Amino acid sequence: MIIEAPLPAFADWWAGAATWWLIVVGLLGAAVLVLGLIGAIVRQGPVAGPRSFVRFVGSALGDLVRMSPRRVGAIMRLAVLESVRRMVLAVFVVFIVILLFAGWYLDPGTNEPAKLYLSFLLSTTSYLVLLLALLLSVFSLPNDIRNRTIYTVVTKPVRPSELVLGRILGFSLIGTAMLAATGIASYVFVVRGLDHTHEVVVDSLVAGDSGNLTGRTSLDNGHRHEVRIGADGNGRADVAQDHWHSITAQQRGTETIYEVGPPQGMLEARVPIVGTLLFTDRQGRVGETAQDVGKESKYRSWIEGGTQGSAMYTFAGVTPEQFPDGLPVELNLGVFRTHKGDVSKGILGSIILRNPDNPEIAAAPLNFVAEEYRSDLKRFARELTTSDGDKLDLFADLAPDGRIEVKIVCLEPGQYYGMAPTDVYLRARDASFAGNMFKAYVGIWLQMVVITAIGVTLSTFLNAAVAMLGTFALILAGFARGFIDDVANNQVLGGGPLESLIRLVTQANVSTPLEPGLSTTIAQTFDDLYQGLLRAVVELIPDLGVLSQVGRLANGFNIPADGVAVHMVMTLGYVAPIFVAGYVLLKMREVAG
Amino acid sequence: MDNGVVIRTRNLSKVYRDFWGRQKVRALKALDLEIRCGEVFGLLGPNGSGKTTTIKLLLGLIFPTSGDAEVLGKQASDVTKNERIGYLPEESYLYRFLNAEETLDFYGRLFNMSSAERRQRAKELIELVGLQVARRRQLREYSKGMTRRIGLAQALINDPELILLDEPTSGLDPIGTREMKDLILDLKSKGKTIVMSSHLLADVQDVCDRIAILHQGELKELGRVDDLLKLEDVMELRVAGLSEAAREELVATIERNGAELVSIDHPTTTLEDLFLQIVRDSEARPGRRVTAATTDASATADGTPAE
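Residues numbered from 1 in each chain as written. Chains lettered and ligands numbered in written order. Predicted model: local features only at pLDDT ≥ 70, side-chain atom pairs only at ≥ 80, totals over all residues. Heavy atoms only, no water.

## Structural notes on the nonpolar core
Counting residues in each nonpolar core, the largest one holds 153 residues, and the members touching the most others are A:L122, A:V153, B:F106, B:I150, B:L162 and B:L164. By residue number, the principal contributor to this core is helix α4 (residues 113–147) of chain A, which donates 16 residues. Once residues within four sequence positions are removed from consideration, A:V153 is found in contact with A:I75, A:V158, A:L163, B:Y95, B:F106, B:Y107 and B:L110. Counting residues in hydrophobic clusters, the runner-up holds 35 residues, among them A:L277, A:A311, A:L327 and A:A370. (Core = buried A, V, L, I, M, F, W, Y, C linked by side-chain atoms within 4.5 Å. Buried < 20%, exposed > 50% of the residue type's maximum accessible area, 1.4 Å probe, protein only. Helix = DSSP H or I, 4+ residues; strand = E, 2+ residues; numbered from the N terminus. Contact = heavy atoms within 4.5 Å.)

## A closer look at unusual backbone geometry
Most of the time, phi is negative for any residue but glycine, and the peptide bond is trans. In this model, A:R148 sits at a positive phi of 65°, which is unusual for a non-glycine residue. Its location among the elements puts A:R148 in the loop between α4 and α5 (149–154). The exposure class assigned to A:R148 is partly exposed, which follows from its relative accessible area of 35%. Even without being a glycine, B:N11 presents a positive backbone phi close to 55°. We classify B:N11 as partly exposed; its relative accessible area is 41%.

## Considering helix α8 (residues 244–256) of chain B
Compared with the 18 Å implied by 1.5 Å per residue over 13 residues, the 18 Å span of α8(B) between its first and last C-alpha is a close match. Just past α8(B), the residue B:G258 takes up positive phi, approximately 75°. (Expected span 1.5 Å × (residues − 1).)

## Overview of the interface of chain B and chain A
Reports of interface size often rely on the accessible area that becomes lost once the parts have come together. Contact with chain B, which involves 31 residues of that partner, is made by 32 residues of chain A. Here chain B packs against chain A, burying approximately 3100 Å² in sum over the two surfaces, 62% of which is carbon and sulfur. Of all residues in chain B, the largest losses of buried area upon contact with chain A belong to B:Y93, B:F97 and B:L110, amounting jointly to 23% of the total for that side. The interface formed by chain B and chain A holds 3 salt bridges in total. (Buried area = accessible area lost by both parts, 1.4 Å probe. Salt bridge = Lys/Arg side-chain N within 4 Å of Asp/Glu carboxyl O.)

## So, the confidence of the model for chain A
Low-confidence regions, as indicated by low pLDDT, have predicted coordinates that should not be scrutinised in detail. The predicted model of chain A has a mean per-residue pLDDT of 90, with 99% of residues at 70 or higher. For chain A, the element scoring lowest by mean pLDDT is helix α3 (residues 90–105) of chain A, at 82; helix α8 (residues 433–459) of chain A scores highest, at 96. (pLDDT = per-residue confidence, 0-100.)

## Here's the deal with the packing of helix α6 (residues 160–194) of chain A against α8(A)
All names here are of chain A. At a minimum axis separation of 9 Å, α6 and α8 run at an interaxial angle of 150°. As the angle between them shows, α6 and α8 are arranged roughly antiparallel. Seen from above, α6 lies across α8 with right-handed handedness. Taking contact as the criterion, the partners of V164, R167, I168, F171, S172, G175, T176, L179, T182, G183, S186 and Y187 in α6 are, on α8, F433, A434, M437, Y441, I444, W445, M448, V449, T452, A453 and V456. Residue composition of the contact of α6 with α8, grouped by class: 15 nonpolar, 7 polar and 1 charged. (Axes fitted to C-alpha atoms, helices over the stretch in contact; angles between N-to-C directions. Parallel < 35°, antiparallel > 145°, perpendicular 65-115°, else oblique. Left-handed = near helix turned anticlockwise from the far one by under 90°. Nonpolar A, V, L, I, M, F, W, Y, C, P; charged D, E, K, R; others polar.)

## Quick notes on the pairing of strand β5 (residues 243–252) of chain A
The side chains of a regular strand alternate between both faces of the sheet. Residues and elements named next belong to chain A. Pairing between strand β4 (residues 235–240) and β5: 4 bridges, direction antiparallel. Within β5, the position partnered with A240 by the bridge is H243. Between β4 and β5, which pair antiparallel and follow one another directly, the connecting turn spans 2 residues, one of which, Q241, has a positive phi of 50°. Direction of pairing for β5 relative to strand β6 (residues 255–260): antiparallel, over a ladder of 6 bridges. Paired with R252 across the strands is E255, a residue of β6. A loop of 2 residues connects β5 with β6, the two strands running antiparallel in sequence, and G253 in this loop sits at a positive phi of about 65°. (Pairing = 2+ DSSP bridges.)

## Considerations on the environment of A:D390
Residues and elements named next belong to chain A. Within the fold, D390 resides in the loop between β18 (383–385) and β19 (391–393). In this structure D390 comes out as partly exposed when scored by relative accessible area, which is 48%. In this structure, the C-alpha to C-alpha distance between D390 and A40, residues 350 residues apart in sequence, is 84 Å. Among all residues touching D390, those that are not within four sequence positions of it are L384 and T385.

## Some details on the sheet that holds strand β10 (residues 301–304) of chain A
Pairing between sheet strands relies on hydrogen bonds along the backbone, with the strands arranged either parallel or antiparallel. Residue and element names in this part refer to chain A. Pairing in this open sheet of 3 strands is antiparallel, and the strands run β10-β21-β13 from one edge to the other. Lying at the two open borders of the sheet, with one neighbouring strand each, are β10 and β13 (334–337). Averaged over all neighbouring strand pairs, the angle between strand axes comes to 30°, with direction disregarded. Across 4 bridges, β10 lies against strand β21 (residues 415–419) in antiparallel orientation. Looking at β21, one finds that W302 is bridged to G418.

Here's what the structure looks like:
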């Protein structure tokens, strides 16, 4: 359970993003204007061409600023009516049918049932709604042109900008309704589908020394829990399948009835406070990265057990007001074994809380066993002791200015812990799960709006089939934007396309440089040119993948409202130029053949 | 609009090209035309003569290859001119999933009309075109004639000054055709300018003040209908109650003056008039049928032997 890339804070993000947006859109706009002027001169000559071009640009600007809300509303309403009367809402019925069948094959007995349910439902919703957006947006305008219904519209005082914007808004509204309906259905399905309880198997209860009882629960939803019940009769069913239950005892006559509560910790929205990370290597030298164990992913650095290697997280904002119940530190460590050891056991490590300005002031190490693929929450009380047994105050001694250092070491020689900045965090609080689900749906909604805008824009100058293919290609590119970025910036092993082709043919290793020679020079020169072009083009591809926060929801992390705001502005940044492009293309087009 | 000119084209030409920019068809060649306020103007010509291309150019649906067109004092590509224009296309290209009220409401919104105004105007126009009974039915259920009627209603939603009608009587039955022609004359009487294209010459002759005849994209004739149709060297007298003797004397007089008698006969009514008279009679006296006996009787009464 990791979040590789924290969402940027809006305040830190907007200035740089706005500048970059202005550069890209400005350059693109300038290129279009120059090409348009050249085209006009070629078609109409050196005198009439520029005059007609200036008239066109003036008229285009006028169309953009003089749009009528009522006309845009009329086109939007028409798009909605068209969709409704063409039974588009049947997609919702398809979704409900999928939900009905999902109950058969979604196994609540898996290790992370909430993740399974949420991933499945939100992926299904995404596919359906994005497909719907694609089909609605690309067919409408070409159908109007083919059926000539557009004749009776464009002969009214309707500006092409209103036609494009009205359609984008109308189809977005349909998608919004669809998302709202599927979202509510999904929420009910998840909450009801994962809700369960158990019975304490009384025969399994064994009394301990202090009067505590241990035992197990009944097998329900494909799992059972270990049970610990205190002397007062209350206790809890330990974590299994990513959740736990509280247990309360009720006396009925001479009989004690144990009631197991609903699952807890399953549908959650953790709010992490992420710190900064530094490592020490095996000799104790401080650096920003530690060892590389040869894994392809460079996300984590690795510290070697039984050496001076350590990871040091520094967190800010650690105050008694923020953490009145002590310091909750959650770990999501990677483990790399160089020898098998006891595979049934995790790797031993320890956590030390220290004063970042005076590392000599440190709490006694807390030993723990790291397990992969599980979050492990450690709570540190306010009152701590040093290794010598002296008392320490968490806030006054270790975080006098609100900063605290959490040092993690691996204790087993020959084994490694892998860590990244977001793997260890302070779990500040839990946000509302329903609210988090809503924010995840906002992410899908933003994707849907971008796809609708692309579809409508391509359909202004392409026929429906070609516009659909073009939109689909842009969707694929949008979801693979990260990879395309890596290819453009030569971050992919094996080089560019021509170099990769040579490696494929010659079966050369991707990490070994090619033999110097003419063919290598030609291939790498071509790849350099290609990657330069790709770097320019990639900025025009909307990054659809980044808008979705389904992974964050499914992994139980809160989606920060700040991040949602970033994505909304980002979407506006995509949709605005796409809309203008659609408008210009429609204005330039003869709608009658 | 200077000198009451509503439409002016100068050297207006249109060449349709294929994907590679090669010339496919030269649909309109250097059309110079002026249409004045308040007249009914007919564009005549066989299929492919450039009538519809002209209308599309005037509406800004297509762009001229050369030359320019002004409509109501504005460039044809200026959408603001459409505030004062109504257009009925060759076929009523309307959204078939809307009903009549929704259709007119939609087009009313495009003219930025208020809700009350749209409701009032839709009610008036639905009555005008006689679709009260079918106002809530989706257009997909309409007959061709009904679709033409609602198409006409949408063209008039903004009470336009200039109305362009492309083949307005196409698809209409004789009653619908007559009503359409009456409506055109009614609109003319209200000061509207009407431009219609048609290849139904009788319709054009009935309503148009001036016509332009196009052939292969070129303007071949332009002028007032009555002037163009007038045979200057032929005279027609229509006389009622003329006796046989008087008729012979008239013929003799004509011969004596050296003129050539082209024909002397009883005029016939038009089939359209006969049809309309029968339908109106049928509406006035429902249940009356034509039988063999009544047919024979009428034939005998007319002096024609019954077969």
